Amino acid sequence: MLPTFVIGLREGLEGSLIVGIIAAFLIQRSERRALRDMWIGVVAAVGICATLAIVLNAVGRSLPSKQQAAMEGILALVAVGGVTYMVVWMKRHSRELKRQLESHAQSALLTGSMFALVVMAFLAVLREGIETAVFMLAAFQSSSNVAATGTGAVLGVAVAIGLGYAIYKGGIRINLSRFFRFTGFVLVLVAAGLLSTAAHEFAEAGVLTVGLGRAMDLSWLVSPGTIHGSLLTGMLGFQPVPTVAEVALWLAYAVPMSIYVLWPQRPTARAGAPVGAQPA
Amino acid sequence: MRIVRHGLVVAAVFLLASLAWACGGSPSSDAIEVSLTDGAITFSGSSEAIAAGDVAFSGTNDGSTVHELELFSVPDGVDATSLDVSDNVADTDAAGMDVIDEVEDIAPSTTVELSADLEPGTYAFICNLPGHYAQGMVAEFTVS
């Protein structure tokens, strides 16, 4: 049961993390309509992945691994773009958003960005859903011990969704400026992981052919088959034995973007009180 | 709702493209059974005289932990069972071995299918999760 639990947990994490943060953001913004659209997108993504798995099973073929890897690599890159856009946008508009929220003003300026968030939630779930659907089907269809294998897989995905929900709950409690900084930082790490995952997938697909030497052995930290290992792989994209390309891309993204997000914003209009100095 | 429709169009295209790939080959008749245990990869049936063409394998994880099944082509003069191990994994790149196909995340007591169009030559199945190759999870075979 534990082996499939761990895989289910890892597969479900990234998607539920991104969906949780987007949902918390939309709730904070009182964007009920966009939130509803987001849920429709998430359900659609889950439905598509389930359909894909069932159809493939019915025709008795597995998804060719190279094409699957290439597709996941492309979706990962699109997600990196989406997350980066969201992080930069949050940083730029956090002040303005806060004002609008306080005055309950509805803004047409943000409509396009809401659209981007909804699409991003859809893609995040779609990307992980493909692997999860293939894996779930194997757990239920070809296992000689369906009860243990299937229960583990379902529980793993359920716990991943639970963690996403906890992030969402936490996200709607904390105040908006902290929310931007905290989720911005989390999203930077997720996006760095996605970038490194994209490198991993493209290497598997045979598209990426440079930097494939092993950079280091992280298997003591990200040991496959353990819960902490799947948390690190699922959220941050850490591989047990990453290649040079995976590590280089991770650092090249995470370091400058973290600095950008965590750097205190200089007050523009009013000089004086630094951010965070006001009484809570 | 416009948003959702856009998403659905993208997804439908993706679904059809995947199916087109998946249905490309014709299903093979008898799959060659491969067994993965903690420390070995073995052919359950006869591994001799695998004929070139579309070969189907069915891999069963008879071990206690998660394994993966990677199919490599092995160049002449390379012994896939004695590769250099660096950072806990077999250095297949240095040996000039190419991945033909692979299935990751095979849970214990689960069977997966893997098929490939193989030309005559030497091939190897490897589980390259950290430490697993060194424990003996490699099997070489020839296609004639």
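Q: Looking at this model, I keep getting lost on empty space enclosed by the protein. Mind explaining?
A: One water molecule sets the probe size; rolling that probe over the atoms shows where empty space is left. Under the defined criterion, the tally for this structure stands at two cavities of 30 Å³ or more. Looking at the second largest cavity, its volume works out to about 30 Å³. Lining the second largest cavity, in full, are Ser-65, Lys-66, Ala-69 and Glu-204 of chain A together with Val-99, Asp-101 and Glu-102 of chain B. Within the residue set of the lining of the second largest cavity, elements represented by two or more residues are helix H3 (65-102) of chain A together with strand E7 (98-106) of chain B. Classifying every residue of the lining of the second largest cavity gives two nonpolar, one polar and four charged.

Q: Even after reading the chapter, I still don't get the side chain of Ser-219 of chain A, so can you show me in this structure?
A: Structurally, Ser-219 of chain A can be placed in the loop between helix H6 (176-205) and helix H7 (227-236). Here the side chain of Ser-219 of chain A touches Asp-217 of chain A through a polar contact of 2.5 Å, side chain to side chain. Setting aside its immediate chain neighbours within four residues, Ser-219 of chain A contacts Pro-240 of chain A together with Asn-88 and Pro-130 of chain B.

Q: Honestly, helix H1 (residues 2-28) of chain A in this entry has me stumped. Any pointers?
A: Since the α-helix packs 3.6 residues into each turn, any two residues three or four apart lie on the same face. Residue and element names in this part refer to chain A. Taking 1.5 Å per residue as the helical rise, H1 with its 27 residues ought to reach 39 Å, and the 37 Å between its terminal C-alpha atoms agrees with that figure. Residue Leu-13 marks the point of greatest curvature in H1, where the axis turns by about 35 degrees. Within H1, 25 of the 27 residues are buried, which leaves it mostly tucked inside the rest of the structure. One or two steps after H1, the chain reaches Ser-30, where phi turns positive at roughly 55 degrees.

Q: Any chance you could explain H6 of chain A here in plain terms?
A: Residue and element names in this part refer to chain A. With 30 residues, H6 should cover 44 Å at 1.5 Å per step; its first-to-last C-alpha distance of 41 Å lies within 8% of that length. Taken across its 30 residues, H6 has 24 buried, putting it largely inside the fold. At the C-terminal side of H6, Gly-206 shows a positive phi close to 85 degrees.

Q: Whenever I open this one, the pairing of strand E3 (residues 53-61) of chain B confuses me. Can you help?
A: Looking down a regular strand, the side chains alternate between one sheet face and the other. All names here are of chain B. Judged from the five bridges that link them, strand E1 (residues 32-37) and E3 form a sheet pairing that is parallel. Bridge pairing in E3 places Ser-35 opposite Thr-60. Bridge analysis of E3 against strand E8 (residues 111-118) gives eight bridges, and the strand direction is antiparallel. When the bridges of E8 are listed, Gly-59 appears paired with Val-112.

About the cut-offs
Residues numbered from 1 in each chain as written. Chains lettered and ligands numbered in written order. Predicted model: local features only at pLDDT ≥ 70, side-chain atom pairs only at ≥ 80, totals over all residues. Heavy atoms only, no water. 1 Å grid on protein atoms, 1.4 Å probe; cavity = no way out; pocket = protein on both sides within 12 Å on 5 of 7 lines; lining within 4 Å. Points joined across faces, edges and corners; volume = space filled by probe spheres on them. Helix = DSSP H or I, 4+ residues; strand = E, 2+ residues; numbered from the N terminus. Nonpolar A, V, L, I, M, F, W, Y, C, P; charged D, E, K, R; others polar. Polar contact = N/O pair within 3.5 Å; in protein donor to acceptor, adjacent residues only side chain to side chain. Contact = heavy atoms within 4.5 Å. Expected span 1.5 Å × (residues − 1). Bend = angle between axes of the 7 residues up to and from the residue. Buried < 20%, exposed > 50% of the residue type's maximum accessible area, 1.4 Å probe, protein only. Pairing = 2+ DSSP bridges.

Keep in mind these values describe shape, not function.
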